[in-house]
Amino acid sequence: MHAAPGSSSANLYFDWPITGKVVSSSGDALPGVTVLLKGTTRGTATGADGTFSIEVPEQAGTLVFSFVGSTSVERAFTGPTTMNVTLEDDTKALQEVVVVGYGTQKKEAVTGAISSVSSKEISELPVPSVAQAMQGRVAGVTVVNTGTPGTAPVVRIRGVGSVNFNSEPLYVVDGVPTGGLTGIDTKDIASVDVLKDAAATAVYGSRAANGVVIVTTKSGGRDGRIRVTLDSNIGTQHATKRLDLLNTEQYVQYATTLIKNSDPDANLPSRLSPEEFNQPIYPGASQTYAQTNTDWQDELFTSGIITQNNITLSGGNEKSQFFTNAGYFKEDGIMEGVGFERYSFRINSNHSLGKVFTVGQNLMGSYSDQRYDAAGNRSKLVNAIRSQPYIPVYDPTKLGGFREADALDSSDPTNPIREAVMDEYFNRDVKILGNLFVEAKITDWLRFRSTGGLDYYNNLNDIYLPIYNTGGLVSRPNATIQNNRTSGRSLLITNQLTFDDTYGDHYVNAIAVQERQGFKNVTENMSGSQPNNIVQTLTNAANLAVSGGYEESLIISYLGRINYEFKSKYLLSASMRYDGSSKFAPGNKWGSFPGASVGWRISEEEFMKGVAAVSELKLRASYGKVGFNGLGNYPWMVLAQVNANAYPFTTDGNPVLGSYYSGIANRELKWEITSMINGGVDVGLFNNKLTFSIEYFRRKTDDKYGLILSVPTPNSYGFGGAGVFANVGTMENKGFEFQAGYNESEKPFKWSLNANLSRIRNEVVELTAASAVIDAAGNQDFGSNQITRTQAGEPIQSFYGWQVDGIFQSDDEVANAPTQENGTSAGDIRFKDLDNNGVINDADRTFIGSYLPNFSYGLNATAGYRNFDLTLFFQGVQGNEIYNASRVIIEGGQRLFNAGTQVLDAWTPTNTDTDIPRMVAGDPNRNNRVSDRFIEDGSYLRLKNLVIGYTIPAEALSSFAGGKLGSLRVYFTSQNLFTISDYTGLDPEVGTLQGGLLSNGVDFGQYPTPRTLMGGIQITL
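Residues numbered from 1 in each chain as written. Predicted model: local features only at pLDDT ≥ 70, side-chain atom pairs only at ≥ 80, totals over all residues. Heavy atoms only, no water.

Some words on the overall build of the protein
When you go through the protein residue by residue, the secondary structure sums to twelve helices and 52 strands. Overall, the C-alpha framework of the protein stretches about 125 × 75 × 65 Å when taken along its three principal axes. Taken over 1021 residues, the protein has a buried fraction of 51%. Counting only contacts in the protein whose residues sit at least 6 apart along the sequence, the fraction spanning at least 24 positions is 68%. Put simply, the protein shows about 43,200 Å² of open surface, and 55% of that area lies on carbon and sulfur atoms. When the 83 basic and 104 acidic side-chain charges of the protein are each reduced to a single mean position, those positions are 7 Å apart. (Helix = DSSP H or I, 4+ residues; strand = E, 2+ residues; numbered from the N terminus. Buried < 20%, exposed > 50% of the residue type's maximum accessible area, 1.4 Å probe, protein only. Contact = heavy atoms within 4.5 Å. Areas by Shrake-Rupley, 256 points an atom, 1.4 Å probe, with all protein chains shown as cover. Lys, Arg positive; Asp, Glu negative; His and termini not counted. Charge placed at Lys NZ, Arg CZ, Asp CG, Glu CD.)

A word on helix α5 (residues 248–262)
Because each turn of an α-helix spans 3.6 residues, side chains separated by three or four positions in sequence point in the same direction. With 15 residues, α5 should reach 21 Å at 1.5 Å per residue; the first-to-last C-alpha distance of 22 Å fits that figure. Within α5 the residues assigned to the buried category are T248, Y251, Y254, A255, L258 and I259. Axial view of α5: buried residues confined to an arc of 125 degrees, hence all on one face. Buried residues in α5 make contact with α6 (274–277). (Expected span 1.5 Å × (residues − 1). Arc of directions from axis to C-beta.)

Regarding the environment of N348
Counting through the fold element by element, N348 comes out in strand β22 (residues 339–353). According to the relative accessible area criterion, N348 is buried, its value standing at 1%. When the C-alpha atoms of N348 and M422 are compared, they prove to be 42 Å apart, with 74 residues separating the residues in sequence. Once residues within four sequence positions are removed from consideration, N348 is found in contact with T217, K218, Q321, F322, F323, Q361, N362 and L363.

Things to note about the sheet that holds strand β5 (residues 43–45)
The strand order β5-β4-β7-β8 describes an open sheet built from four strands, whose pairing is antiparallel. Two strands lie at the open edges of the sheet, namely β5 and β8 (73–77), each paired on one side alone. The average undirected angle you get between the axes of adjacent strands in this sheet is 20 degrees. Strand direction decides the pairing type here: strand β7 (residues 61–66) and β8, joined by five bridges, are antiparallel. The residue bridging G61 from the neighbouring strand is F77, located in β8. (Pairing = 2+ DSSP bridges. Axes fitted to C-alpha atoms, helices over the stretch in contact; angles between N-to-C directions.)

Quick word on the UniProt feature "domain: TonB-dependent receptor plug" (unreviewed entry) in the protein
UniProt annotation of "domain: TonB-dependent receptor plug" (unreviewed entry) refers to residues 107–212 when read in the numbering used here. Structurally, residues 107–212 comprises 12% helix and 26% strand, and the distance from its first C-alpha atom to its last is 18 Å. (UniProt positions renumbered as here; feature names shortened; annotations may be inferred.)

Quick look at a nonpolar patch on the surface
A cluster of nonpolar side chains, namely Y343, F345, I347, L363, Y367, V430, I432, L454 and L491, defines an oily patch on the protein surface of about 710 Å² accessible area. Going through the elements one at a time, β22, β23 (357–371) and β24 (424–443) are the ones with two or more residues in the nonpolar patch. The greatest single-element share of the nonpolar patch, amounting to three residues, is contributed by β22. Tracing the chain through its elements places F345 in strand β22. On the accessibility criterion, F345 (43% relative accessible area) is partly exposed. (Patch = residues over 30% accessible without salt bridge, like charges linked within 9 Å, V, L, I, M, F, W, Y side chains within 5 Å. Salt bridge = Lys/Arg side-chain N within 4 Å of Asp/Glu carboxyl O.)

Some details on the packing of aromatic side chains
The final tally for this structure, using the stated rule, is 29 aromatic pairs. An angle of 50 degrees between the planes, with centres 5.7 Å apart, marks the rings of F165 and F725 as tilted. With a gap of 560 residues between them, F165 in the loop between β14 (154–157) and β15 (170–173) and F725 in strand β37 (residues 724–744) connect regions that are remote in the sequence. Between Y394 and F402, the ring centres sit 5.3 Å apart and the planes meet at 40 degrees, which makes this aromatic pair tilted. Taken together, the ring pairs in this structure connect Y251, Y254, F277, Y289 and Y390 into an aromatic cluster. Here the guanidinium or amino end of R137 rests over the ring plane of F873, the centre of that ring lying 3.8 Å away. Over the aromatic face of W802 sits the side chain of R845, whose NZ or CZ is 5.6 Å from the ring centroid. (Phe/Tyr/Trp six-rings, centres within 6.5 Å; stacked < 30°, edge-to-face > 60°. Lys NZ or Arg CZ within 6 Å of the ring centre and 35° of its normal.)

Some words on the sheet that holds strand β41 (residues 798–801)
If you walk across this open sheet you meet the four strands as β39-β40-β41-β44, and the pairing is antiparallel. The strands lining the two open edges of the sheet, one partner per strand, are β39 (773–776) and β44 (846–849). With direction set aside, neighbouring strand axes in the sheet form an average angle of 45 degrees. Summarising the sheet, β41 and β44 pair through three bridges and their orientation is antiparallel. Its bridge partner lying in β44, F799 is registered against G849.

A word on empty space enclosed by the protein
This structure, assessed with the given rule, holds eight cavities of 30 Å³ or more. Each pocket or cavity is described by its volume, and for the second largest cavity that value is around 130 Å³. Along the walls of the second largest cavity sit 17 residues, with Q105, A199, A200, R561 and S573 positioned nearest its centre. Contributions of two or more residues to the lining of the second largest cavity are made by α4 (198–201), β28 (542–566), β29 (570–581) and β30 (590–601). (1 Å grid on protein atoms, 1.4 Å probe; cavity = no way out; pocket = protein on both sides within 12 Å on 5 of 7 lines; lining within 4 Å. Points joined across faces, edges and corners; volume = space filled by probe spheres on them.)

Considering the pattern of salt bridges
Close approach of charged atoms allows side chains with opposite charge to pair. Under the defined criterion, the tally for this structure stands at 58 salt bridges. The residue E695 makes a salt bridge to R158 at a minimum N-O spacing of 4.0 Å. Placement of E695 in strand β35 (residues 690–701) and of R158 in the loop between β14 and β15 is noted, with a sequence separation of 537 residues between them. Given a relative accessible area of 0%, R158 falls into the buried group. Ionic pairing is found between R926 and E821, a salt bridge with its closest N-O pair at 3.4 Å. With R926 in the loop between α11 (886–891) and β48 (935–937) and E821 in the loop between α10 (811–816) and β43 (829–831), the pair connects residues that are 105 residues apart, well separated along the chain. Among the residues examined, E821 registers a relative accessible area of 25% and is labelled partly exposed.

So, the side chain of N925
Residue placement: N925 occurs in the loop between α11 and β48. Among the polar contacts listed, one links the side chain of N925 to the side chain of Q820, at a separation of 3.0 Å. Once residues lying within four places of it in the same chain are set aside, the contact partners of N925 are Q820, E821, T824, D828, I829 and F831. (Polar contact = N/O pair within 3.5 Å; in protein donor to acceptor, adjacent residues only side chain to side chain.)

Overview of the nonpolar core
Ranked by internal contacts, the top residues of the largest apolar core, which has 68 residues, are Y251, Y254, I787, I796, F799 and Y883. Of the residues forming this core, the biggest block, five residues, is contributed by α5. By size, the runner-up hydrophobic cluster in this structure holds 34 residues, among which are F165, F584, W636 and W671. (Core = buried A, V, L, I, M, F, W, Y, C linked by side-chain atoms within 4.5 Å.)

Concerning the pairing of strand β27 (residues 506–530)
Bridge count for strand β26 (residues 479–503) against β27 is 25 bridges, and the pairing is antiparallel. Its bridge partner being in β27, T486 is matched across the sheet by T523. Linkage of β26 to β27, two consecutive antiparallel strands, is achieved through a turn of two residues, within which G504 is found at a positive phi near 60 degrees. Bridging between β27 and β28 involves 23 bridges; their strand directions are antiparallel. Its bridge partner lying in β28, G518 is registered against L554.

As for the side chain of Q1006
As for its position among the elements, Q1006 is in the loop between β51 (979–981) and β52 (1011–1020). Of the residues examined, Q1006 reaches a relative accessible area of 12% and is grouped as buried. Among residues more than four places away in sequence, those in contact with Q1006 are L381, V990, G991, T992 and L993.

Now the structure itself:
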């Protein structure tokens, strides 16, 4: 009891007890909710089960319930009572701040093109990389998966930025610029903010031409409670499609046709003779070749286990907060011989030291182990297609226990199962990434922060190729061992002064930054061989070879930015970054990168106050210049090469080695600089329940500081045509982006819908000369010409080849048509004579397609009712072409490899209604040359993610485990549940082969995207 102020002890009054429970909109108990008596400092917090108890003076009053991410609720009382309170999600509060680089900004005040992806969206997909989880989530951002588990996807923001170099965005994790994101656990992520226009990315200057992805990791709460969370799931993956390949009987028919069409008198391979075909597959076996029918795809593909497990410990109060997470991720893959495994740990903390200083750190470490397919164009899948069905997988009489085709088969495909089981290709990675900062609050409006960052990486490319002999045309008499290590670190020092204050109707935020980041990289390569499979190290190895390298570079930067608001409706942001890089020659080391944007919040004008339906209407425009320096160190220099010959050029007569330059240096080499304009409109209706935005952008490399390309030198220079890097090219990307969303959170059935769509057009404006071209992606296994061409006036790396004009139905048609090849005959493909000169030659090649889509899109739908939740996420592309190079093997009649069942429908004099040309050994008409015959529509719509969850009611948990369980949710999830596409290959999501820059959209038989089925549980204590 208490004495009323100013009264005697005789005037005592007693406290009233008020109890109750606070739950979320979905009915979950909310621990840590602040319960405060309005107008006082008296308060409490809810417990783990959401209940609270507070004593208040014996007079009418109001309790205020508040929780981060929820709308506050006030409840009046007039006496002792019980209150049951539901807190709704505050969508605006949850989304009101975005990370803009070196700070944050209210979403309503953002004038650049910035998109955000929430922690929930990132973490609900069981993928090892944050970049993979971004796929389809952000308009203007293209993510294409490219390989086996653990392989980083191809990420492009607003198109392709460079021809000769990687166009990946800059990744910044907790303020530290770093490389890829595969080592970072998706469960660590609090938010991902994508900076797309030059005004937003200009704060990162010379490294921001391809956009910036800012990753912010989680921190602890401030409610005084410690939380333990377990999130664990496990499931299986499998391939969704198989190719129709020939069985043994069909293969014999196909091989006979292939040989006899070339020469009726030619003999079939010896193996196919009755005497050999009916022999046992190996000595002592009861099964003959004729009885063998190996399905190489079934042997290669498998169901793989995938699991992700995380346990987090977090908490804190107003003075200190911490977050820790230990994670384990494992993906076996759907093919023998591939997989990915990662262990990770993170600890983040922040501490207030009095009223002036704050210190903190973010630190993560991870170890990952990836087994990958290193076969290049002849991938395991390609070899599975090529392998004859009458050849067994295993042969216990052979060294290694496997079997391959030999001279009797007149063919030499590699046994893909032997390759997968015996040959070991591993990438073993250690990554440590973190920062440590101290911040001083000088005044209420001025802060200084100093940050030190570390990005350490250590990659061991560990290769072991054991001895084997399958009896085929290729064997390995000695085991090969390679240890290729790349290690390095970057050290970052950032000093930042921040001014932030409001003067009446004026708000100003300004920063001044000085930054230094140094890079060191060491490579060590060792290889050798062993005479047996027992010793798998390089100890006492024969043919020992050792090489290495050391590289170092430095970037120093100065940055200033000012954000200004007048009455929260007139917005301005301007920045300038000045970068110096050791990569360029003296006189060209420094570059300036400006950016500016303006905004007008029309919804805040007086004339809009009466329009209640419009809660947000903002116009935005921006312009900026950003650079690209993602090329090697010191590209302007030419290293001296040592000649192995000895020359008698000394006075003492002793010979010395000579040295020479193998090219020409270019001291005038400069940054690639890209300028970009951007315009956008943001609209929110009905208190932002319905939102949408539309953007237009145009990005173009600067005419003066253009694309860095290799310019060939004349042979007369004596360098054999070796090129020299120069700023000589120009490329443009332009397009539209659209995002829309609807959120219904006020009714028992809660649902939301978010969609995005982007349309981007690419054009190479200028190369080294008007007639210059860059051809790429050619391979003798998949046709005899280069597949892609980059040329001014066309999209980058467009498909380039001949156009098909049907199939010759008679020799008279061949005689009356333009000359093709000496061996052209009825049943061969007729190609178009585009220059009308009567001869089909290289001059008749033309552009036949592009891997770039007309538009890409994503659609995310969520729903919740009572304790159930549902998420559906669709992703797709439309209008892109794929060059299905694998069809050259499947239906091209390539030697005596196996083929697809399509060849059974090949042209014959009695089967003329077909688009498959005649099967003939040697392909005398070059039917398999690069042509639009192998171009296919790559459009697809995919159900990327499905999640169904159920949260156990709080009432049921309160009587279980002594009430210590705060929440428990079980869920089922599936990825890539179905795909709608006309593409005939295994997967329409075709990226690039092993990082090739100009082979996007060419399907060489890459690893397909698997279907995943998983179950999981989330527990919070």
